[in-house]
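Now for the letters of each chain:
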Amino acid sequence: MLKLFNSLTRKIEEFKPITDKAVGLYTCGPTVYNYAHVGNLRTYLFEDFLRRALEYNGYTVKHVMNITDVGHLTGDQDFGEDKMEKEGGSVEEILNLAKKYTDAFLADLKTLNILQAETLAPATEYIPQQIKLIEKLFQKEIAYETELAIYFDVSKFENYGQLTGQKMEDKKVGARSDVVVDKNKKHPADFALWFKLAGKYKNHLLRWDSPWGQGFPGWHIECSAISEHFLGQPFDIHTGGIDHLFPHHTNEIAQSEGANDKPLANYWLHGEHLLIREGRMGKSEGNILTLSALVDKGFNPLAYRYLVLTSHYRSKLNFTEESLTGAQHALNNLYQEISNYDEPKVGCAQFEEDFLNAVNNDLDTPKALAIMWDLIKTDEFPTSAKAQTLFKFDEILGLKMKAVWEAAKVIPDVVHKLIDEREVARKSKDFVRSDELRRAIESNGYIVEDTLDGFRVKKKFDKN
Ligand code: AMP
Ligand code: ZN
């Protein structure tokens, strides 16, 4: 039985899907104005563990992710500049930027062996759906118009603080000095659904016609509109990083539930942050690291995946190069261990059961890894059984074990030649030459071990 921590109720709950056909999973996607940093990628990794856990439990998953290419302001709330417009020049340049960073993001996902959502939905391609939703809120008098924007009236939505557990009076929205105050806003916590080409946004380049004149959508409305369009309402699971609890997810819930009088999603899961020097890694904090920077330093990107697996998704994880080096060593050891395993045969049932229990206990990946190592270390089973079970575990862990195991069996021609030469040297008792050849084999990434009945060749896994 899969159990997950639901941010809505702040409890671990048994997962019960809406239908037995497919689980609807919506994950908030990136704002594509720059490269993703490894903090962002920690959240997408956690979502990948979740998706794989659902599939491991036999569910089919219908996975939808938006791509934010308009409306996300630098202030996260209704102030600052549109992040896309801040980086771009003309409309064409902005759209090119969005494409460039979307492609880079998808490449990062692939490098980390993260399964891509079957539906990727850029906000700019779903403007009519967003306008329709705003119109609905307008008709129900939950939204109102000022000279500058269309706002969601939070006083009309009783459960506004449900996700954060905060009362509305406690919200400090609007209290910051850099907020561009719209004098006609009814409550400081009211948030924009649609910005008009007025005031600060008079010259906004990305613009569409709407019943309220030309303008552009607020950040939150895209997720309400896109999730409803592809998954209906309610759907099963909605996820994101912990910073999305407020304002983004709080506002998504207000919009969707306000418009349709039913829950938006049944389970809300949030991943904790990646920290660096004990502070949150973030673009505005100026402390980001990209995946390619880690690869340039010689790390295998899957070492980062391994590092993320070592901590529970609801715990903060402090990133250091030492911890990544530790993860890289562990990954190398894993690859070294499995490289000589026999062809997979009947697996190890008890280990499989323990592993499934760990995964189903709110995605306890640190425990799952510990079980993996227990299996590797035990003498109780032949390597064929270990291989069978480890490859199954890897459906969740995603460390490409089978590919590594297969590749390790293919010895390149140049190494074959060196091995043959070494055999000749050994037989003629030319140990100096034989040692030389052993070193040559090692510098090609392979180890020769002499055994009672001959020798064995293994691929060597070190930093990469
Ligand atoms: P953004 O591109 O800013 O919309 O963020 C994309 C995702 O990354 C969101 O789900 C955020 O919650 C998440 N995120 C941002 N910073 C971090 C961090 N330091 N650690 C983990 N997740 C993060
Ligand atoms: Zn969202």
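In what follows, the structure referred to is the one given above.
Worth saying up front: this structure is predicted, and the values here are computed from it rather than measured.

*Asks:* Account for the site of ligand 1, with residues named and values stated.
*Replies:* Around ligand 1 lies a shell of 17 residues, among which Gly39, Thr43, Asp243, Leu274 and Met281 are the nearest. Within the contact set of ligand 1, a nitrogen atom lies 3.0 Å away from a backbone nitrogen or oxygen of glycine 39. Here glycine 241 contributes a backbone N or O atom positioned 3.1 Å from an oxygen atom of ligand 1. Burial of ligand 1 by the surrounding chains reaches 96%, relative to a free accessible area of 500 Å². Where the shell around ligand 1 is concerned, the elements lending two or more residues are helix H1 (38-56) and strand S10 (235-241). The biggest single contributor to the shell around ligand 1 is H1, with four residues.

*Asks:* Outline the side chain of serine 227, supporting the account with residue identities and numerical values.
*Replies:* As for its position among the elements, serine 227 is in helix H5 (residues 221-231). Assessed through its relative accessible area of 0%, serine 227 is described here as buried. Here the side chain of serine 227 touches cysteine 223 through a polar contact of 2.8 Å, landing on its backbone oxygen. For serine 227, the contacting residues outside a window of four places in its chain are Tyr26, Gly232, Phe235 and Leu264.

*Asks:* So what's going on with the nonpolar core? Residues and values would help.
*Replies:* Counting residues in each nonpolar core, the largest one holds 77 residues, and the members touching the most others are Ile237, Tyr304, Leu334, Met372 and Phe393. Among the elements that take part in this core, H1 stands out by supplying 10 residues, more than any other. When residues of this core are sorted by domain, at least three fall in each of domain 1 (15-168 + 182-271) and domain 2 (291-408). In contact with methionine 372, not counting residues within four places along its chain, are Tyr306, Leu334, Leu390, Phe393, Leu397 and Met401. Listed in part, the 37 residues of the second largest apolar core include Ile142, Ala143, Trp194 and Trp212.

*Asks:* So what's going on with the sheet that holds strand S14 (residues 317-319)? Residues and values would help.
*Replies:* Pairing is mixed across the open sheet formed by three strands, whose spatial order is S13-S12-S14. Because the sheet does not close on itself, it has two edges, and the strands there are strand S13 (279-280) and S14.

*Asks:* Account for the coordination of the zinc ion (ligand 2), naming residues and giving values.
*Replies:* Coordination of the zinc ion (ligand 2) by the protein involves Cys28 (SG), Cys223 (SG), His248 (NE2) and Glu252 (OE), with metal-donor separations of 2.0 to 2.4 Å. Here the zinc ion (ligand 2) is ringed by four donor atoms whose angles at the metal span 79 to 129 degrees, and the overall shape comes out irregular. Each donor residue of the zinc ion (ligand 2) belongs to the same chain, and together they define the spacing C-x194-C-x24-H-x3-E. With a gap of 29 residues between them, cysteine 223 in helix H5 and glutamate 252 in helix H6 (residues 245-260) connect regions that are remote in the sequence. This pair shows no difference in class: cysteine 223 is buried, exactly as glutamate 252 is.

The rules we used
What you see as residue numbers is a count from 1 along each chain, following the sequence as written. Lettering of chains starts at A and numbering of ligands starts at 1, both following the order in which they are written. For a predicted model such as this one, the threshold for reporting local features is a pLDDT of at least 70, and the threshold for listing and counting side-chain atom pairs is 80 or more; totals across whole chains, interfaces and linings nevertheless cover every residue. Side-chain measures here rest on the full set of heavy atoms in the structure, leaving out hydrogens and waters. Distances are taken per atom, and a residue is near a molecule or strand as soon as one of its heavy atoms is within 4 Å of it. Polar contacts, as counted here, are pairs of nitrogen or oxygen atoms within 3.5 Å of one another; within protein the pair requires one atom able to donate a hydrogen and one able to accept it, and residues that are adjacent in sequence qualify only if both atoms are side-chain atoms. For the accessible areas, the method is Shrake-Rupley and the probe is 1.4 Å, while residue cover comes only from the protein chains on display. Secondary structure elements follow DSSP: runs of H or I no shorter than four residues count as helices, runs of E no shorter than two count as strands, and numbering proceeds from the N terminus. Under the scheme applied here, a residue whose accessible area is under 20% of the maximum for its type counts as buried, over 50% as exposed, and between as partly exposed, the area being computed with a 1.4 Å probe on protein chains only. Every residue pair with non-hydrogen atoms within 4.5 Å of one another is taken to be in contact. As used in this record, nonpolar core signifies buried Ala, Val, Leu, Ile, Met, Phe, Trp, Tyr and Cys residues forming a set joined through side-chain atoms within 4.5 Å. Domain borders in the structure are assigned automatically or taken from a domain database. Strands pair, by our definition, only if DSSP identifies at least two bridges between them. Here a donor is an N, O or S atom found within 2.8 Å of the metal, or within 3.2 Å if the metal is Na, K or Ca; sites may look incomplete because water is not among the atoms. Four donors are marked tetrahedral only if all angles between them lie between 85 and 135 degrees, whereas four are marked square planar and six octahedral if opposite donors are more than 155 degrees apart and the other angles lie between 65 and 115; the remainder are marked irregular.

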